[in-house]
Amino acid sequence: MEHTDRNEYKEHGVEQEIEKSHVSDETHQEKHNGSAKTTADPFYVRLLFTPLDFVSMAFLFITLVPIRMVAAFIALTLAWAVSFIGLINIDQTVPVSGWRKPLQWISCFLGRICCRCCGFSVTLTGTQVSRSVAPVLVVAPHSSFFDALAIFWTGLPFIVNREENKNLLFIGKCVQFAQAIFVSRERRESREECKEEIKRRVNSTQPWKQFMIYPEGTTSNRKALMSFKPGGFLPGKPVQPVLIRYHLKHDTVSWTWDQPHGFIACFMYTMCQLRNKVELEFLPPYEPSEPEQMDPVLFASNVRREMSNALGIPLCDMSYEDIKNEYSKKKKQ
């Protein structure tokens, strides 16, 4: 596998800036032609349903969705109960073991049922390697809360989650029992503690599960790959890239910055589809070079480029903070 050294990385960064400038000019021109949003904007989502689509969704809403929702509620309630029991007197500083281990697998199985109740049909391509080969799973592109399904089809790896999700009804206990690392984006101390905990677990000789990251830190419409945060690359260990591909007639799953419909509409539109095909593609493990082990930003950038090439989509160098500032300004205008 080819790696990029620091000088090549800098040159590549310059080339990307030139490319970005060129794309920006094209996008600006396309805006005047009325086509920029559909060809260049990775945060733009508009659903164009036909009358027949509305009839189909209405029929499924009346006949199938109630059954799906009842089944999903039962599965979620059972997962909460299993997690509640598993959390009794648990020590979160060590991996789950003993009688709690089967409970984790039950929780994972119930998570799959919830996804299937949303109409998802998941196909696995490639082979997931063990923790001893690649302790970190890198998942992209990140476009939706539905991307969480990757957790259940990879054996319930631990993840980083927002502190406020710890107390979510039903889901909070499940996330805690999966031994997620919770972080507050607003507190620097919390972010630093999170980084140290990631390194501790990934480098540990204890039987922790694999660590799964969604390194973009924000969602898009999968038309481009966002900047990768370096947190999951800090340990300098091999990673396995995992691509999420949605094969959908309408992009009902994307939940990003520029769309007229919100969380509930996104959820219900998806529930009202007969089948939502998803493919999880496991790429070969990426072994970091010595420079990459010393530089997590370089490591993240090279893995990102590998994934971009495999997906056949361009790179977008906007970070979560850039996007947040950009769309905050637009809302004020």
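Just above sits the structure.
One structure accompanies this document, and this report is about it. All figures in this text were calculated on a predicted structure; none of them were measured in a lab.

What counts and how
Residues numbered from 1 in each chain as written. Predicted model: local features only at pLDDT ≥ 70, side-chain atom pairs only at ≥ 80, totals over all residues. Heavy atoms only, no water. 1 Å grid on protein atoms, 1.4 Å probe; cavity = no way out; pocket = protein on both sides within 12 Å on 5 of 7 lines; lining within 4 Å. Points joined across faces, edges and corners; volume = space filled by probe spheres on them. Nonpolar A, V, L, I, M, F, W, Y, C, P; charged D, E, K, R; others polar. Salt bridge = Lys/Arg side-chain N within 4 Å of Asp/Glu carboxyl O. Buried < 20%, exposed > 50% of the residue type's maximum accessible area, 1.4 Å probe, protein only. Helix = DSSP H or I, 4+ residues; strand = E, 2+ residues; numbered from the N terminus. Core = buried A, V, L, I, M, F, W, Y, C linked by side-chain atoms within 4.5 Å. Contact = heavy atoms within 4.5 Å. Polar contact = N/O pair within 3.5 Å; in protein donor to acceptor, adjacent residues only side chain to side chain. Pairing = 2+ DSSP bridges. Axes fitted to C-alpha atoms, helices over the stretch in contact; angles between N-to-C directions.

What follows deals with empty space enclosed by the protein. A complete count under the given rule lists one cavity of 30 Å³ or more for this structure. Computed from the structure, the largest cavity encloses a volume of approximately 70 Å³. Looking at the lining of the largest cavity residue by residue, the classes come out as eight nonpolar, two polar and two charged.

Moving on, we get to the pattern of salt bridges. This structure, assessed with the given rule, holds eleven salt bridges. A salt bridge links E164 to R162; the shortest N-O distance between them is 3.7 Å. Note on R162: relative accessible area 42%, which makes it partly exposed. For E196, the salt bridge goes to K199, with nearest N and O atoms at 3.3 Å. Here K199 and E196 lie together in helix α8 (residues 188-203), a separation of three residues that amounts to about one turn. Looking at E196, the relative accessible area reads 46%, which means it is partly exposed. The partly exposed category is assigned to K199, whose relative accessible area is 28%. Bridged by salt links that share partners, the residues E197, R200 and R201 form one connected network.

Below, the discussion takes up the nonpolar core. In this structure, F120, L149, M212, I244, Y246 and L280 are the most contacted members of the largest nonpolar core, which totals 35 residues. Of all the elements in the fold, those that place two or more residues in this core are α5 (100-117), β1 (120-125), β2 (136-140), α6 (149-152), β6 (239-247), α9 (263-271) and β7 (276-282). It is α6 that contributes the most residues to this core, four residues altogether. Y246 has contacts with F120, S143, F146, D147, L149, R222, V253, K277 and V278, leaving out every residue within four places of it along the chain. Counting residues in each nonpolar core, the second largest holds 25 residues, with F211, F228, V239 and F299 among its members.

We now examine the side chain of N165. On the secondary structure map, N165 appears in the loop between β3 (160-162) and α7 (171-177). Assessed through its relative accessible area of 16%, N165 is described here as buried. Within the local environment of N165, its side chain forms a polar contact with the side chain of N161, the two groups lying 2.5 Å apart. Beyond its immediate sequence surroundings of up to four residues, N165 is in contact with G172 and F182.

The next thing to look at is the pairing of β6. The buried fraction of β6 amounts to seven of the nine residues, a majority that puts the element mostly inside the structure. Two elements, β2 and β6, share five bridges in a ladder whose sense is parallel. By the bridge assignment for β6, V136 is matched with V239. Where β6 and β7 come together, six bridges link them in antiparallel fashion. Following the sheet pairing, I244 is matched in β7 by L280.

Taken in spatial order, the five strands make up an open sheet running β1-β7-β6-β2-β5, and their pairing is mixed. If you trace the sheet from one side to the other, it starts and ends with β1 and β5 (211-213), each paired once. For this sheet, the mean inter-axis angle between neighbouring strands, taken without regard to orientation, is 25°. With three bridges joining them, β2 and β5 adopt parallel strand pairing. The partner of L137 across the bridge, within β5, is M212.

Before going further, it helps to examine the environment of P285. Assignment of secondary structure puts P285 in the loop between β7 and α10 (290-294). Sequence separation between P285 and V239 is 46 residues; the distance between their C-alpha atoms is 5.6 Å.

Tracing the backbone shows H261 in the loop between β6 and α9. Its relative accessible area of 11% is what places H261 among the buried residues. The spacing of H261 and R46 is 215 residues in sequence and 8.5 Å in space, taken between C-alpha atoms. Ignoring any residue separated from it by four or fewer positions in sequence, one finds H261 in contact with V45, L47, S254, C266 and Y269.

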